[in-house]
4 protein chains.
Amino acid sequence: MDDSFKGMPWRERLYIIIFFTNTPAGKRFDTLLLLVIMASLLVVMLDSVAAVNLRYGELFTALEWGFTTLFALEYALRIYCHPEPRKYIFSFYGAVDLLSVLPAFAALLLPEAQFLLVIRVVRMLRIFRVLKLTPYLSQANFLLVALRGSKQKIVVFLFTVTTLVIIYGALMYVIEGPENGFTSIPMSIYWAVVTLTTVGFGDMVPHTVLGKALATMIMITGYSIIAVPTGIFTAELANAMRQETLEHPCPSCGKDHHESNAAFCSRCGSQLFRSEREPTAD
Amino acid sequence: MDDSFKGMPWRERLYIIIFFTNTPAGKRFDTLLLLVIMASLLVVMLDSVAAVNLRYGELFTALEWGFTTLFALEYALRIYCHPEPRKYIFSFYGAVDLLSVLPAFAALLLPEAQFLLVIRVVRMLRIFRVLKLTPYLSQANFLLVALRGSKQKIVVFLFTVTTLVIIYGALMYVIEGPENGFTSIPMSIYWAVVTLTTVGFGDMVPHTVLGKALATMIMITGYSIIAVPTGIFTAELANAMRQETLEHPCPSCGKDHHESNAAFCSRCGSQLFRSEREPTAD
Amino acid sequence: MDDSFKGMPWRERLYIIIFFTNTPAGKRFDTLLLLVIMASLLVVMLDSVAAVNLRYGELFTALEWGFTTLFALEYALRIYCHPEPRKYIFSFYGAVDLLSVLPAFAALLLPEAQFLLVIRVVRMLRIFRVLKLTPYLSQANFLLVALRGSKQKIVVFLFTVTTLVIIYGALMYVIEGPENGFTSIPMSIYWAVVTLTTVGFGDMVPHTVLGKALATMIMITGYSIIAVPTGIFTAELANAMRQETLEHPCPSCGKDHHESNAAFCSRCGSQLFRSEREPTAD
Amino acid sequence: MDDSFKGMPWRERLYIIIFFTNTPAGKRFDTLLLLVIMASLLVVMLDSVAAVNLRYGELFTALEWGFTTLFALEYALRIYCHPEPRKYIFSFYGAVDLLSVLPAFAALLLPEAQFLLVIRVVRMLRIFRVLKLTPYLSQANFLLVALRGSKQKIVVFLFTVTTLVIIYGALMYVIEGPENGFTSIPMSIYWAVVTLTTVGFGDMVPHTVLGKALATMIMITGYSIIAVPTGIFTAELANAMRQETLEHPCPSCGKDHHESNAAFCSRCGSQLFRSEREPTAD
């Protein structure tokens, strides 16, 4: 409630408004910020379209100046009102905020650094901060838990895939050779990735019979082992969700997760109340 | 049974026949409707084939007139016999029914509005209404429950994907540039989507070494994170199906989950009531 | 054992050898059959390669005569020794056996029916009969149970996909039009399928901005809803496997599946012995 | 600890350092080996790039001599210090070690055997040995258990896919024919694989209406049955992970599955022994 601001120093008020959303003012600020970010991203994209750039180039440059000033101002404010400025500056979002301002300045000042302008798309990441403060967070959290749980398995998987594409690629290089467009092992590995991931651009394709036979193997492999990351993640996610749903705290020791049909707390052994729902009942 | 129609005003009879299928007449009506819709869709499609259109153009126009009249008639009837016409008109299917008639009239009257004709494919959606009244509904329901359950997670996923393609796309635009076909950031984002989703048309492909390296990353990313929506949906669906099978508490010991077709409690052995439906009966 | 053949009429012996594999002779017969089928398939394939055909055409024709005669002979034998020939002839495999002989004869006699030769690949299906008699059957059975369980859901899914591609296709036809290669609605639907299934041949690609925007939507859709059939099948398969593993028959009523931690039979209420392993334990 | 080497014959010390990683020296050795392997792989790849080869050809040849000598030396040492040299030589890694040396020698001595050089990529496999001695192993183990569990099902699946592509391919050959690029049945089967696995290079595409209709079927098939291997693997993996967590029976009531970190039986409340590892600890 805005009343909570009663007799609060400006700096703290700003801090609460800018860094939190649990106040109406904070909500308004975030919504506004979201819109400005979107708008600036739109400008960045349209500006890259030759035709549009020709007609509205100046307008876009003007707008870009506007957005950049705004973001610079915001960045300054954030540093000003944050209790521990240093901590903010070196935080992930602190870096993102800086990156969404610096390149624009650089490129606007020295034209030959135009390519820097693209760095402005990191502004996209700032949207996550706004999201961070929503119910979606808890959902994203599930996914993160599941991903963390499957991290090692995923690494093993990716390493196996890497080995596969390197060996497949090297073989294709020998079989097809430069005359069929497989100009080098790295190129052939790139092709192997394109094929294994079932993307299949078609810019390079095997021409020899042996090459096509091997390609068939690669495709079947890629088609089948997609099952592995999926299986890993699904199993982990199911776990994460199950953990979540079995919450019925123990009255004595407070252990808040138990088997779906537990009659006694599995930590302190005291009687439990039954849980209403049992997702993983047999 | 048709006997149920005994001494029932015409209007109500129509209502039951047109809006429900639990009567023989209703079933017949729906089957007929299904066939007409199919036929009209077939005409719409064939009519768009130049060669066929040349030979049967007039025939198709005639047929189209026929179908349109039929659907118009049906629409009128539905309004006439529905107890609360307004409610029907502004319902989803009311809109669909109207859309499957209007454009046809418009396009048939003023030829320059030919393109409107395509709107007739919304007739496809009307088939769902017929399906709505079948055992398939319960199955579709499972899927909907699972989708609803995973909605928020899916949103998080789609937002992450969006961020990925925007950033990947912007990078490719800088790396490859217009000279390699990446004419603008939006184009490059389009390419990033084509690649991340493993569609890989091949109309745009990276030519620089750095571009191919990044493309490799995008492809591996796309190949791996497909696991996320799959995992989400699978976990939710498994939940939905489990929930379905497991809700009849034991009267004596209160164990509240049992096999779908259990007659006795599996813990205390006392009699249970049977559950009506047994999705996973063994 | 071959002893089991002692004083058994020839016809029955043949029947057991040809239609079963639980005898050494039967095993030998099946292995032989498998090899012959493989060889004949190889000939069919190689024969279709122009270069090879030029050099070995006569040889292949000769071999084909041989295989056809063999299969014809086998077919005759099967009819001869089967207790109910009619039943066999009109069975699935009876038809397959006939189809693997007839076209060959037809094509070998009247050359203009060459295209019939391809029907010989149905011989491939005959391999399944041999497999039918192996441990793999039980595994295939799992998959079939799961598929049967998810049949309705799959139908709902396929119907939704059909609707999607029809509507997407029609829209693309209007947006891109013949000038961009989307010559008709059916063509556009074909393209929509190519895109939604993430195959992406690249023979047709959108050229307008709007078209590319819609294509992006189609690709994301296809990339996400692949989760649906996967989720359905996974959930069903997990069920099928769980059912399998919970077997501990009730001593009194013989009900052979129970909850993993059931103490009493859920059908007759009599005491149960505990099961050794509980895959779905909490 | 290196103290453990106190008064140990050189040969044994070497054995422990080279074949194990639980000593600091062993760790150092493995890290070094890993780096050398990486470097040699890099050289192999870069060497295949024409441009790079032109400039650094000699350097690479020199480096290659170096690496080969190193690996040869290592190979000799391994044989020397292994308690049962024969056992090592004929082990999988023994073969890999040899293969990572031999072809290099061969190709460096007789230039016409250049293509042998590619065999050096098998060095990639040697990295697995180093990994073999890490926590990742246990994770990889999960995957292997799941894969082994689903082996038979996968075979059934692959066989079905094979049958599908052969029959689809043969049909396409008849429908499209050589004039549309489907020059032979093997080629058409190759195309069927490209399409069924959703790779879709686009080098061959159907041109007839019938062909496109069939292609649509193939794509939908491929899009749907990807669910099968995924489902199989997911179910198996979920099993493997569950098994892991659930094996310590209650001494008093005998309930033989509990939460991974349960201290008391959740049914009778009596004390349990703790399990060592808790994969799914809440």
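Residues numbered from 1 in each chain as written. Chains lettered and ligands numbered in written order. Predicted model: local features only at pLDDT ≥ 70, side-chain atom pairs only at ≥ 80, totals over all residues. Heavy atoms only, no water.

The two chain copies are connected by a rotation around an axis plus a translation along it. Least-squares fitting of chain D to chain C yields an RMSD of 0.1 Å, with the superposition described by an axial translation of 0.0 Å and a rotation of 90°. Both chain copies can therefore be described as sitting about a four-fold axis. When the interface residues of chain D are mapped onto chain C, a mere 13% of them again lie at the interface, so each copy presents a different face. (Least-squares fit on C-alpha atoms with pLDDT ≥ 70 in both. Contact = heavy atoms within 4.5 Å.)

Once that is clear, we can look at unusual backbone geometry. All names here are of chain C. The backbone phi angle of Thr198 is positive, close to 60°, even though this residue is not glycine. Here Thr198 shows up in the loop between α9 (185-196) and α10 (209-225). Judged by its relative accessible area of 7%, Thr198 falls in the buried class. (Helix = DSSP H or I, 4+ residues; strand = E, 2+ residues; numbered from the N terminus. Buried < 20%, exposed > 50% of the residue type's maximum accessible area, 1.4 Å probe, protein only.)

Residue and element names in this part refer to chain D. Assignment of secondary structure puts Leu41 in helix α2 (residues 24-47). Residue classification places Leu41 among the buried residues on the basis of a relative accessible area of 4%. The spacing of Leu41 and Val205 is 164 residues in sequence and 37 Å in space, taken between C-alpha atoms. Apart from the residues lying within four places of it in its own chain, the contact partners of Leu41 are Arg120, Val121, Arg123, Met124 and Ile127.

The subject of this paragraph is the packing of helix α1 (residues 10-19) of chain A against helix α3 (residues 50-81) of chain A. Residues and elements named next belong to chain A. Interhelical geometry of α1 versus α3 gives an angle of 125° and a closest axis separation of 9 Å. By the angle class used here, α1 and α3 are oblique. Helix-helix and strand crossings are classified by hand; for α1 and α3 the assignment is left-handed. Of the residues in α3, those in contact with Arg11, Leu14, Tyr15, Ile18 and Phe19 of α1 are Leu77, Arg78, Tyr80 and Cys81. Its residues assigned to classes, the contact of α1 with α3 shows 7 nonpolar, no polar and 2 charged. (Axes fitted to C-alpha atoms, helices over the stretch in contact; angles between N-to-C directions. Parallel < 35°, antiparallel > 145°, perpendicular 65-115°, else oblique. Left-handed = near helix turned anticlockwise from the far one by under 90°. Nonpolar A, V, L, I, M, F, W, Y, C, P; charged D, E, K, R; others polar.)

Our focus in this paragraph is the interface of chain D and chain C. Chain D puts 54 residues into the contact, and the matching count from chain C is 51 residues. For chain D, the biggest contributors to the area lost against chain C are Lys153, Phe159 and Tyr223 of chain D; these three give 16% of the whole. Seen at the junction of chain D and chain C, the total is 3 residue pairs in polar contact (both at pLDDT 80 or more). Broken down by secondary-structure element, the contributors of at least two residues to the side of chain D that touches chain C are α9 (151-176), α10 (185-196), α11 (209-225) and α12 (227-245) of chain D. Tallying contributions element by element places α9 of chain D first for the side of chain D that touches chain C, with 13 residues. Of the residues in the side of chain D that touches chain C, the class split is 27 nonpolar, 19 polar and 8 charged. (Buried area = accessible area lost by both parts, 1.4 Å probe. Polar contact = N/O pair within 3.5 Å; in protein donor to acceptor, adjacent residues only side chain to side chain.)

It is worth spelling out the environment of Gln139 of chain A at this point. As for its position among the elements, Gln139 of chain A is in helix α8 (residues 136-176). Distance in space between the C-alpha atoms of Gln139 of chain A and Ser150 of chain A is 17 Å, their sequence separation being 11 residues. Not counting residues up to four positions away in its chain, the partners in contact with Gln139 of chain A are Gln152, Lys153 and Val156 of chain B.

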